[in-house]
Amino acid sequence: MKLIGSYTSPYVRKISVLMLEKGIIFEFVNESPWHAESHVPHYNPLGKVPALVADDHHIWYDSAIIAEYLETRAETPAFLPDDPLLALKIRQLEKLADGISDAAVVIVREQLRPGDQQSEEVMLRHREKIRHGLDALEKEAASGQLLNSDSLNLADIATGCMIGYLNFRRVAPNWCVNRPSLVKLAEKLFRRESFARTVPPNA
């Protein structure tokens, strides 16, 4: 299999971690979707990463779809439970973590614009999304049922990759204040080999 993506993307990291945890051998192709000459649109018509070229040459895109595809394969461990409703609840938390990453990406892109063209309103609105999203995840992590439980699941991995991105881009440097359960989860995840091997390079 071939994974198309950027080393700095939290969504790509999520898929990399899943595949490493499952022991799936894959080739990583480093492609930034932001470059004019990017080949990403050849794999995903929306020009987003990640994209996965499966062994049968079918191309899967969108990290949530790729994650679901990986769960249909024979490799273990499974990161979603067999119970459909419980799996849906975990996938909702995955999407919440991804949504926080979405907001962080908007802020990062906005900060790359010339100072007089940056919108403080846009950045403030997305910082609020990050704050509310983290508060919701902290509540779930504190309960230890769907997030931060004894067994690793898809929501845990998505949350860890999102926190890693916040740290990497310094978007919300105070995210850990009054969120001890998320801190505990992050510390636990970052000790895993799959997370250690997918740390974004310094940029």
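Computed from a predicted structure; not experimentally measured.

What counts, and where the lines are drawn
- Residues numbered from 1 in each chain as written.
- Predicted model: local features only at pLDDT ≥ 70, side-chain atom pairs only at ≥ 80, totals over all residues.
- Heavy atoms only, no water.
- Axes fitted to C-alpha atoms, helices over the stretch in contact; angles between N-to-C directions.
- Helix = DSSP H or I, 4+ residues; strand = E, 2+ residues; numbered from the N terminus.
- Parallel < 35°, antiparallel > 145°, perpendicular 65-115°, else oblique.
- Contact = heavy atoms within 4.5 Å.
- Nonpolar A, V, L, I, M, F, W, Y, C, P; charged D, E, K, R; others polar.
- Expected span 1.5 Å × (residues − 1).
- Buried < 20%, exposed > 50% of the residue type's maximum accessible area, 1.4 Å probe, protein only.
- Polar contact = N/O pair within 3.5 Å; in protein donor to acceptor, adjacent residues only side chain to side chain.
- UniProt positions renumbered as here; feature names shortened; annotations may be inferred.
- Salt bridge = Lys/Arg side-chain N within 4 Å of Asp/Glu carboxyl O.

Undergrad: Quick question: what am I supposed to make of the packing of helix α6 (residues 154–169) against helix α7 (residues 180–190) here?
TA: Each pair of packed helices can be summarised by the angle the axes make with each other and by the distance between the axes. Taken N-terminus to C-terminus, the directions of α6 and α7 make an angle of 95°; their axes are 10 Å apart at the nearest point. Accordingly, the angle class assigned to the pair α6 and α7 is roughly perpendicular. Contact with α6, carried on its side by Asp156, Thr159, Gly160, Ile163, Gly164 and Asn167, involves Leu182, Leu185, Ala186, Leu189 and Phe190 of α7 and no other residues of that element. A breakdown of the residues in the contact of α6 with α7 according to their chemical character gives six nonpolar, four polar and one charged.

Undergrad: I would appreciate a short explanation of α6 in the present structure.
TA: Within an α-helix, residues lying three or four positions from one another point in the same direction, as the helix has 3.6 residues per turn. Along its 16 residues, α6 runs 23 Å from first to last C-alpha, staying within 8% of the 22 Å computed at 1.5 Å per residue. Burial of α6 is extensive: 14 of the 16 residues sit out of reach of the surface. Taking the backbone nitrogen of Ala155 as reference, a side-chain oxygen 2.9 Å away marks Asn153 as the first, capping residue of α6. Just downstream of α6 lies Arg170, where phi reads positive at about 55°.

Undergrad: Just to check I follow, could you spell out the UniProt feature "domain: GST N-terminal" (unreviewed entry) in the protein for this structure?
TA: In the numbering used here, UniProt assigns the feature "domain: GST N-terminal" (unreviewed entry) to residues 1–78. Annotated as 35% helix and 18% strand, the span residues 1–78 places its first and last C-alpha atoms 19 Å apart.

Undergrad: Explain the pattern of salt bridges here, please?
TA: Two side chains bearing opposite charge may form a pair once their charged atoms approach each other closely. Throughout the structure, instances matching the rule amount to 14 salt bridges. Between Glu68 and Arg91 there is a salt bridge, and its shortest N-O distance comes to 2.6 Å. Pair noted here: Glu68 is in helix α3 (residues 63–72) and Arg91 is in helix α4 (residues 84–111), with a separation of 23 residues, a long-range link. With a relative accessible area of 37%, Glu68 lands in the partly exposed category. The exposure class assigned to Arg91 is buried, which follows from its relative accessible area of 18%. The partner of Glu110 in a salt bridge is Arg113, and the shortest N-O contact between them spans 3.4 Å. Relative accessible area serves as the criterion here: at 11%, Glu110 is assigned to the buried category. Each of Lys14, Glu68, Arg91, Glu94 and Asp98 takes part in one network of salt bridges that share partners.

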